[in-house]
Each structure stands twice: as C-alpha cells, then as structure tokens.
Amino acid sequence: MTAVVFPLLVYRMTHSPLLTALISVCDIAPYPVFALFAGTLADRVNRRRLMITCDLVNALLLGSIPLSSLLHALTLAQIYIVGLLSATAFVWFDAANFGAVPALVGRRRLIAANSALWTASTMTDIVGPSLAGLCIVLVGPAITISADSASYLLSALSLALIPRAFNQLRHREGTRSWLRSSMSDIREGLHFLWQHALVRTLTLLGIGCALTAGAVQGLLVVYGIHALGLTTTDPRIGLLFGAGATGALVSNLLLPVLVKNVAVGRITMVGLLLNLLLLVAVALAPTFLTGMLCYGLWLGCNHLVNINGISLRQIVTPDHLQSRVNASARMVMVAANPLGAALGGILAEQTTVRISLLIMASGVALSLFLSWFSPLWLVQTPKGVEQEERGGSHAMQP
C-alpha cells in the first residue's frame, strides 16, 4: 500500500514526474550504502532479533505519516525522510532474512520454500494495492499508510513465534576491533561472490535489469496518469500495481515447475528476452487494459529472473556467508535501481513517459546481449535441488 501511496502523495504535492520518481530512489538508495555492513552484522548476531527490531522501527516510521496528516502537519520533506529511513531499516531486515530462510528450511527445499514464501507475499501485494486504491478514495492516501504500519507489528509478532533458530551464531574474535573484523568479513563475502561463476554471472546480468526496473516502477504512477489517462483519485491506479503483483505471483508458482524440466540458465535467458519484449509493449499500450496486462506480464518475467537468481545464490552459499554474499549481490544490483528511476524521471520530463520507458529498456537489452556471451546456456539445475523437487532423498552438497 505504501508503494502506491507515497508516489501519489508526492505527485499531488508537486505534479512533478521527476520528484515522483525520486521517491523510489529514497526507497532503494540505502541498499548500496548499508548492505555490506548489514550482511556482516546479520551473519554475526541473532537474525531473529535483528529482523524484529527493524519491523518495530518501520511501524513507528510509517505510523508518523497518518499522525502528521491528522494534525495537518504532513510535508514533502517528511515523506522523503520516512521513505529513506524505512528503506534503511529494510536493508538490515533483508540481510538477515536472506540467511534465515536457508537455515530454517535446508538447501534441498530452498527453491520450493522461496516459491511458497514469495507466493504468500505476492498475494498480499495483489490485495494491498487494490485496497490502497479504494482506501485512497474513502479515507485519503496518508491515512491509508496506517495499515502498513500495523502490518509491521504483525510481522514482528510472527517472527517471534517461529520456534526454530534463524542461524548458527559465530564466535566473536576477541583480539580484533569490530571495524577490522567487519572489513575482513566483507572481503570474504565479496571474494566468494566474484569467484563463484554462477553467482557472478547472475549478479552482472541483474545490474541491467535493475536499471530498467527502477525507471519502470518509479514512473508507474506517472505512466498511469499521462499514458493511460487516469486521474490521481482513480482507484484503477491500485489495479495497475495489483496487475504487477499478479504477474509476480504467477512467476512464483511457475518457477518450481520450470526447474524440474528446464536448465536454470535458460530460464534466466528466456526471461530476459520476454522482459524486453513486454516492456516495449507496455510503453506502446494504447489503453488501460492493455497497459495493465502488459505491465503484469512484464513484472512477472522480471520477477522470475530475480527469484531464480536469489534461490540459486542461496543454494550455493555456505550458511556463515549467506547474509554477506546475498546482501552484497543485492547491493550491486540495487545500486542501479535508483539511477534508473532518476534517469527515467529526467527523460519523462524532457520527452514523454512512453519514450522514457522505451529508452530505459536499454538496460535489460544490455543484459540480454551480455548473456549470449556468457556460459549461462550451460548452467544446469543443481542436482540436489532437482532431486528434491522430484521427491529424491539425497542431500545437496554445499
């Protein structure tokens, strides 16, 4: 719901495509700044406690938006600050989460588990934006944020009730300072990321996709208004976000089926090709229905490529490196996301939102081009995962 409301609030206050796109920059910018340290900390401390703390911080931050609105004190600066701090808290949560899931379910069940988790999350993403569109009309956008604030409290409670450990705690070095040991841990994680061929390839290809995705998602509200003829009070804006979540849901359900029969490298390459074609269709869509359908399919393909890469990265990474390696890989890709949002906003102000989307499609086009010169065609599904999906009993080697 916040993903719908924040851009809408900014656009209502400014009527600026650039400033509207920049709220997405605030949502993403903390990742490249804090990811390395967040991954190091999450591999050292109790991941459960770290995640719960981040949830409680987010509940307080988002709760300040409806409170300020009721007091008639809500400003553009507060929206940007809350967006920035909320995204910062998410970085630390996300780093812990990457390590927690493999620790809870085991490597052989990781793709199936990620599919189930992302499916549940995406179902909420489908309902949330649609409810946001309705709530915006009934109670206003700022008050709508209170629902997301409450959801973070529910998340904290849910995490507290999980009985199993989220990680194997490491022994702290008694002779080195925290900074020196952290820098050593960071180097270890980056070394694994670069030396492992599969992790390195997927990370490099993800940069171009993230550049394009930043522009598309940063301009989605502007796209709905300028290209599809919606108004700022039209509840169909929520349906546009919901269509993307529906596409992501389908990709979540599809991935465990695909890995049984298709090499994971080819899943990524076909996903990149469809990503490019569908984004062109989004930019040229003549009606709301066509644009909504194409956007949903585009986000589904984009999500399929992303979750395929995340799952494989978790499978091949040892437990004591999980948070560092995954946070580092995400940091590299996410760094391209706010750049894409900013470039997309600038291009939309100088040209049109449709032309901006066509130009920003060059990011995924570059990833697709590079993939043809990589060994990705030869990357097969790890045998242990394939056997688990087919009911096998052999444990996958780390």
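Right, let's walk through the structure included here.

Procedures and definitions
Residues numbered from 1 in each chain as written. Predicted model: local features only at pLDDT ≥ 70, side-chain atom pairs only at ≥ 80, totals over all residues. Heavy atoms only, no water. Helix = DSSP H or I, 4+ residues; strand = E, 2+ residues; numbered from the N terminus. Contact = heavy atoms within 4.5 Å. Areas by Shrake-Rupley, 256 points an atom, 1.4 Å probe, with all protein chains shown as cover. Core = buried A, V, L, I, M, F, W, Y, C linked by side-chain atoms within 4.5 Å. Buried < 20%, exposed > 50% of the residue type's maximum accessible area, 1.4 Å probe, protein only. Phe/Tyr/Trp six-rings, centres within 6.5 Å; stacked < 30°, edge-to-face > 60°. Lys NZ or Arg CZ within 6 Å of the ring centre and 35° of its normal. Axes fitted to C-alpha atoms, helices over the stretch in contact; angles between N-to-C directions. Parallel < 35°, antiparallel > 145°, perpendicular 65-115°, else oblique. Left-handed = near helix turned anticlockwise from the far one by under 90°. Nonpolar A, V, L, I, M, F, W, Y, C, P; charged D, E, K, R; others polar.

Some words on the overall build of the protein chain
In terms of regular secondary structure, the protein chain is built from 18 helices and zero strands. Counting only C-alpha atoms, the protein chain reaches 55 × 45 × 35 Å along its principal axes. In the protein chain, the proportion of contacts linking residues at least 24 apart, taken out of those at least 6 apart, comes to 85%. Looking at the protein chain as shown, the accessible area adds up to about 17,100 Å², and 69% of this sits on carbon and sulfur atoms.

Examining the nonpolar core
Within the largest apolar cluster, 79 residues are counted, with the highest numbers of intra-cluster contacts made by Phe 6, Tyr 223, Val 282 and Trp 298. When residues in this core are grouped by element, the largest group, 13 residues, is from helix H13 (residues 288-316). Residue contacts for Trp 298: discarding those within four places in its chain leaves Ala 213, Val 216, Asn 275, Leu 278, Leu 279 and Val 282.

Describing the packing of aromatic side chains
According to the stated counting rule, one finds two aromatic pairs in the structure shown. Taken together, a centroid distance of 6.3 Å and an interplanar angle of 40° make the contact between Phe 34 and Trp 92 tilted. Highlighted residues: Phe 34 in helix H3 (residues 30-44) and Trp 92 in helix H5 (residues 76-105), separated in sequence by 58 residues. Taken together, a centroid distance of 5.9 Å and an interplanar angle of 25° make the contact between Tyr 295 and Trp 298 stacked. Separated by three residues within a single helix, Tyr 295 and Trp 298 lie in helix H13, roughly one turn from each other. Sitting above the plane of the Trp 194 ring, Arg 200 keeps its charged end 5.4 Å from the centroid. The ring centre of Phe 288 lies 5.0 Å from the NZ or CZ of Arg 236, which sits over that ring.

So, the packing of helix H9 (residues 197-218) against helix H15 (residues 336-350)
Interhelical geometry of H9 versus H15 gives an angle of 40° and a closest axis separation of 6 Å. Here H9 lies oblique to H15, going by the angle between them. Of the two elements, H9 crosses H15, and the hand of that crossing is right-handed. Taking contact as the criterion, the partners of Ile 207, Ala 210, Leu 211, Ala 213, Gly 214 and Ala 215 in H9 are, on H15, Ala 336, Asn 337, Leu 339, Gly 340, Ala 341 and Gly 344. A class-by-class count of the residues in the contact of H9 with H15 yields eight nonpolar, four polar and no charged.

Regarding unusual backbone geometry
Phi angles above zero are rare outside glycine, and His 15 is one such case at about 55°. Note on placement: His 15 falls in the loop between helix H1 (2-14) and helix H2 (17-28). The residue His 72 is not glycine, and still its phi comes out positive at about 60°. Mapped onto the fold, His 72 is located in the loop between helix H4 (47-70) and H5.

Brief notes about the environment of Pro 141
Structurally, the position occupied by Pro 141 is in helix H7 (residues 141-160). Among the residues examined, Pro 141 registers a relative accessible area of 7% and is labelled buried. For the pair Pro 141 and Met 1, spaced 140 residues apart in the sequence, the C-alpha separation amounts to 9.3 Å. When residues no more than four places from it in sequence are discounted, the contact partners of Pro 141 are Val 5, Leu 9, Arg 12 and Ile 136.

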